[in-house]
Amino acid sequence: MPIFNSREFEWADVKVVLFGREITGLRGLTYKKSIEKELIYGAGSNPRAVQRGNKKCEGTLTILKSEFDELNTAALAAGYDDIVDIPGHLISIVCTYSNNDKIQVNKLTHVEFTDYEDGMKQGDKFKEIALPFICLNINKA
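Summarised in this report is the structure supplied together with it. Quantities reported herein were computed from a predicted structural model and do not represent experimental measurements.

Parameters at a glance
- Residues numbered from 1 in each chain as written.
- Predicted model: local features only at pLDDT ≥ 70, side-chain atom pairs only at ≥ 80, totals over all residues.
- Heavy atoms only, no water.
- Helix = DSSP H or I, 4+ residues; strand = E, 2+ residues; numbered from the N terminus.
- Buried < 20%, exposed > 50% of the residue type's maximum accessible area, 1.4 Å probe, protein only.
- Polar contact = N/O pair within 3.5 Å; in protein donor to acceptor, adjacent residues only side chain to side chain.
- Contact = heavy atoms within 4.5 Å.
- Pairing = 2+ DSSP bridges.
- Axes fitted to C-alpha atoms, helices over the stretch in contact; angles between N-to-C directions.
- Phe/Tyr/Trp six-rings, centres within 6.5 Å; stacked < 30°, edge-to-face > 60°.

1. Notes on the side chain of N99
Stage number 1. Residue placement: N99 occurs in the loop between β5 (93-98) and β6 (103-109).
Stage number 2. Using a relative accessible area of 8% as the deciding quantity, one classes N99 as buried.
Stage number 3. At 3.0 Å, the side chain of N99 and the backbone nitrogen of K102 are in polar contact.
Stage number 4. For N99, the residues in contact, after removing those within four places along its chain, are R7, E8, F9 and D13.

2. As for the sheet that holds strand β3 (residues 26-41)
Stage number 1. Spatially, 4 strands are ordered β3-β4-β8-β7 in an open sheet, and the strand pairing comes out antiparallel. In this open sheet, the two edge strands, each paired with only one partner strand, are β3 and β7 (112-113).
Stage number 2. Inspection of the sheet shows strand β4 (residues 47-64) paired to strand β8 (residues 128-135) by 8 bridges, in the antiparallel sense. Within β8, the position partnered with T60 by the bridge is P132.
Stage number 3. Sitting on the sheet, helix α1 (residues 65-77) is in contact with β4 and β8, with an inclination near 95° to β4.

3. What about the packing of aromatic side chains?
Stage number 1. The tally for this structure, following the rule as stated, stands at 3 aromatic pairs.
Stage number 2. An angle of 85° between the planes, with centres 6.1 Å apart, marks the rings of F113 and F133 as edge-to-face. Highlighted residues: F113 in strand β7 and F133 in strand β8, separated in sequence by 20 residues.
Stage number 3. Of the residues examined, F113 reaches a relative accessible area of 2% and is grouped as buried.

4. Quick word on the sheet that holds strand β9 (residues 137-140)
Stage number 1. The sheet built from 5 strands is open, its strands ordered β2-β1-β5-β6-β9 with antiparallel pairing. The two strands at the open ends of the sheet, each matched to only one other strand, are β2 (21-22) and β9.

5. Quick notes on unusual backbone geometry
Stage number 1. Of note in the backbone geometry, F19 takes a positive phi value of approximately 55° without being a glycine.
Stage number 2. Along the chain, F19 turns up in the loop between β1 (14-18) and β2.
Stage number 3. On the basis of relative accessible area, F19 is assigned to the partly exposed category, the value being 37%.
Stage number 4. Located in the positive-phi region is H110, a residue other than glycine, with phi close to 50°.
Stage number 5. Along the chain, H110 turns up in the loop between β6 and β7.

Shape is all these values report; function is a separate question.
Next comes the structure, spelled out in structure tokens:
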């Protein structure tokens, strides 16, 4: 069995760029691409085929409240009410995973943040905001 010298990516290897600058208050980023699939039945109880439907790309960007405030300030300066109002053609998220062995870049295009929720609870040491989003595509470069 071959021995691999490469290591897995770790959190320190992740960099996210939004609006042309690195998000230093990054707490998490998840994204996925899915396609609707349904089994097609005919006579009997076994499926005859799998039918495909619409594709969908979505995710969540989780950032510190101070980072969220900066993004909203930029949105206001651009004439929008907040980050949820910015149209997708203006937003791409570039996520880079880089360690000594390899680099992987994923570009999420035409990103639209759908909502956000603000708040805190007793015992919290910091405040983070989750920004769910939809996007048109996830490209692996």
